[in-house]
Structures are given as structure tokens and as C-alpha cells.
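Here is how the chains run, residue by residue.
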Amino acid sequence: MTTIRKIGFIGVGNMGNPMAANLLKGGFEVTVFDARPETAAAFVTQHGGKAAASLADLARSADAIVTMLPDDKIVRKVMLDAGGAAAALAKGAVLIDMSTCDPTGTRKTAEALEKSGIQMIDAPVMGGVVFAKDGTLDIMVGGSKELVTRVTPVLKAMGRAVTHCGAIGSAHAMKALANYVNACALINAVEVLTIGKKFGLDPKMMADSLVTMCSGRNHPIEKKVIPQILTHK
């Protein structure tokens with residue numbers, strides 16, 4: 001199986017820019033494409049690499065394509081529409097979709113690409129721009145074990161942890177669920193800060209305490225979900 005060295009990166013906005021830059025730092029050959037040509041040109045000026053004139057140009061010599069785009073419909077468009085990247089990719093190439101997408105749409109895209117001999121994994125990220133910059137994103141992956149093993153060196157150049165969630169689409173499902181848990185935590189944290197302030201508690205002290213007691217170690221999951229709910233005890 002071909003080792004991935006040449007990467008086409010589609011979408012070098014706020015998240016994609018530092019992620020693609022970390023691939024360059026990791027020794028990969030990176031060619032970028034963006035809907036705004038000036039954004040791709042600015043990336044090359046800032047970090048190096050190459051900017052492609054078209055999606056076909058991007059795909060022609062790529063071992064893998066990484067997408068960091070708004071949703072699965074746009075991923076499907078840049079890959080499968082007329083003039084899209086898939087037509088120019090060699091058989092055996094891989095699409096690594098790191099966008100946040102509808103898992104059902106992801107599975108449909110994977111099925112369509114498979115007909116052309118192109119494999120796909122979904123690899124959404126947690127951590128935002130700050131962690132994208134320092135290469136410590138947490139990455140969830142959906143796809144076959146063999147394919148995940150093949151792309152792991154690419155993912156490790158952008159993140160600190162790679163979690164295999166299951167078949168294609170499973171990582172996008174897990175990302176949506178993780179976002180839900182984080183949204184609940186945000187709402188609860190704001191309520192706690194509001195109530196604590198009424199008791200005269202210092203907001204910074206409360207925030208630091210919550211990191212230690214709730215974020216750094218998630219007590220409900222560690223003490224209830226894993227030992228009791230998962231084991232039915």
C-alpha cells in the first residue's frame with residue numbers, strides 16, 4: 001500500500017490554514033486549494049507549499065486529499081461535481097474529510113467515491129483554532145482499520161490523539177454527540193458562574209476549580225457511565 005506523502009488540502013480558512021501548515025512541518029508535500037484563490041495564495045506566502053489552479057490540478061498527483069469545509073454537501077460538490085477532484089485522483093487515493101458533516105451524507109459520498117476506486121475516511125476534529133495551530137487537535141476517525149492505520153501518520157501531524165470510532169460516518173456521528181455534550185457543559189458552566197457570583201465566589205477561582213473537578217476528570221463518565229452503566233451493574 002502506497003505511503004501517503006503528497007497531500008492536496010481543500011479549504012485553508014481559519015482551521016484549515018494551521019492544519020495544512022502542520023502537515024508541511026511534518027514533512028508532507030502539500031498543495032492547497034480554496035474557493036478564494038487569494039486565500040490559497042496567502043497560505044503559500046505564509047507557510048510554503050503550492051497553490052493549485054483547479055481541483056483537478058490539486059488532485060492529479062495527490063496520494064490523499066484532506067477537506068476542511070462547512071458541510072458534507074460542499075465536500076461532495078468539490079469531489080464529485082463536474083471539474084471536481086475525484087475525476088483526477090488515481091485509484092487507491094484517499095479522501096480524508098476533516099469537516100463536521102452529516103454522517104449519512106458522508107456515507108453516500110464514500111459509496112460514490114468507491115465506484116472510482118477512491119477510499120474515504122471521516123476524521124472530524126475537536127479543539128478549535130488554538131489547538132489547530134499547535135497541532136494538538138483531538139481527531140475522531142471512521143473507516144476500515146487498515147485505512148485508518150494508513151492515514152494515521154497524516155493525522156498525527158495535526159493532532160495529539162486519534163480515536164477510531166468505527167465504520168465510515170461513525171466519526172462524524174461521534175463529533176455531533178461530543179458537540180452536544182460540550183454545549184451542555186457550556187450552559188451549565190455559565191449557570192454555575194452566575195449562581196456562584198451571587199454567593200460572592202471569584203469567577204476565576206470557579207473556572208479553575210471546574211477544570212480540575214469536572215473537565216480534567218469527568219466524574220459522571222468515570223464513576224457512573226463506565227463502571228456501572230456500561231457493565232449493567
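Residues numbered from 1 in each chain as written. Predicted model: local features only at pLDDT ≥ 70, side-chain atom pairs only at ≥ 80, totals over all residues. Heavy atoms only, no water.

A. Focus on the packing of aromatic side chains. All chains considered together, the criterion is met by zero aromatic pairs. Sitting above the plane of the phenylalanine 28 ring, arginine 5 keeps its charged end 4.6 Å from the centroid. (Phe/Tyr/Trp six-rings, centres within 6.5 Å; stacked < 30°, edge-to-face > 60°. Lys NZ or Arg CZ within 6 Å of the ring centre and 35° of its normal.)

B. Region of the structure containing the pairing of strand E6 (residues 119-122). For strand E5 (residues 94-97) and E6, the ladder comprises four bridges, and the chain directions are parallel. Of the residues in E6, the one forming a bridge with aspartate 97 is aspartate 122. In this region the chain leaves E5, passes through helix H5 (residues 103-114) and returns to the parallel neighbour E6; the handedness of that crossover is right-handed. (Pairing = 2+ DSSP bridges. Helix = DSSP H or I, 4+ residues; strand = E, 2+ residues; numbered from the N terminus. Right-handed = clockwise from strand over helix to strand, strands pointing away.)

C. Representation of the nonpolar core in the model. Judged by nonpolar contacts, the single largest core of 34 residues is most densely connected at Phe9, Met19, Leu23, Ile96, Met98 and Leu155. Residue assignment for this core shows that the elements contributing at least two residues are strand E1 (6-10), helix H1 (16-25), strand E2 (29-33), helix H2 (37-47), strand E4 (64-67), E5, strand E8 (137-142) and helix H7 (145-156). At five residues, H7 tops the list of elements feeding residues into this core. Those residues in contact with isoleucine 96, other than ones at most four positions away along the chain, are Ala64, Ile65, Val66, Thr67, Ile121, Ala123, Val151, Val154 and Leu155. One finds Ala59, Ile65, Ala85 and Met120 within the second-largest nonpolar core, a separate group that totals 23 residues. (Core = buried A, V, L, I, M, F, W, Y, C linked by side-chain atoms within 4.5 Å. Buried < 20%, exposed > 50% of the residue type's maximum accessible area, 1.4 Å probe, protein only. Contact = heavy atoms within 4.5 Å.)

D. Region of interest: the environment of valine 148. Following the sequence through the fold, valine 148 ends up in helix H7. Exposure remark for valine 148: the relative accessible area of 7% places this residue in the buried category. Residues valine 148 and alanine 35 lie 113 residues apart in sequence; the distance between their C-alpha atoms is 28 Å. Those residues in contact with valine 148 that sit more than four places away from it in its chain are Val141, Gly143 and His164.

E. Geometry of the side chain of aspartate 97. Mapped onto the elements of the fold, aspartate 97 is located in strand E5. Although aspartate 97 lies buried, it forms no salt bridge, and the closest oppositely charged side chain, lysine 175, sits 10 Å away as judged by the N-O distance. Engagement of the side chain of aspartate 97 in a polar contact is seen with the side chain of serine 99, the distance being 2.7 Å. Every residue in contact with aspartate 97, bar those within four places of it in the chain, is listed here: Thr67, Val75, Thr106, Met120, Ile121, Asp122, Ala123, Pro124 and His172. (Lys, Arg positive; Asp, Glu negative; His and termini not counted. Salt bridge = Lys/Arg side-chain N within 4 Å of Asp/Glu carboxyl O. Polar contact = N/O pair within 3.5 Å; in protein donor to acceptor, adjacent residues only side chain to side chain.)

F. A look at the packing of H1 against H2. At their nearest, the axes of H1 and H2 sit 11 Å apart, and the two run at 45 degrees to each other. Classed by the angle they form, the pair H1 and H2 counts as oblique. Crossing hand, H1 versus H2: right-handed. Here Asn17, Ala20, Ala21 and Leu24 of H1 come into contact with H2, specifically with Phe43, Gln46 and His47. The residue makeup of the contact of H1 with H2, split by class, is four nonpolar, three polar and no charged. (Axes fitted to C-alpha atoms, helices over the stretch in contact; angles between N-to-C directions. Parallel < 35°, antiparallel > 145°, perpendicular 65-115°, else oblique. Left-handed = near helix turned anticlockwise from the far one by under 90°. Nonpolar A, V, L, I, M, F, W, Y, C, P; charged D, E, K, R; others polar.)

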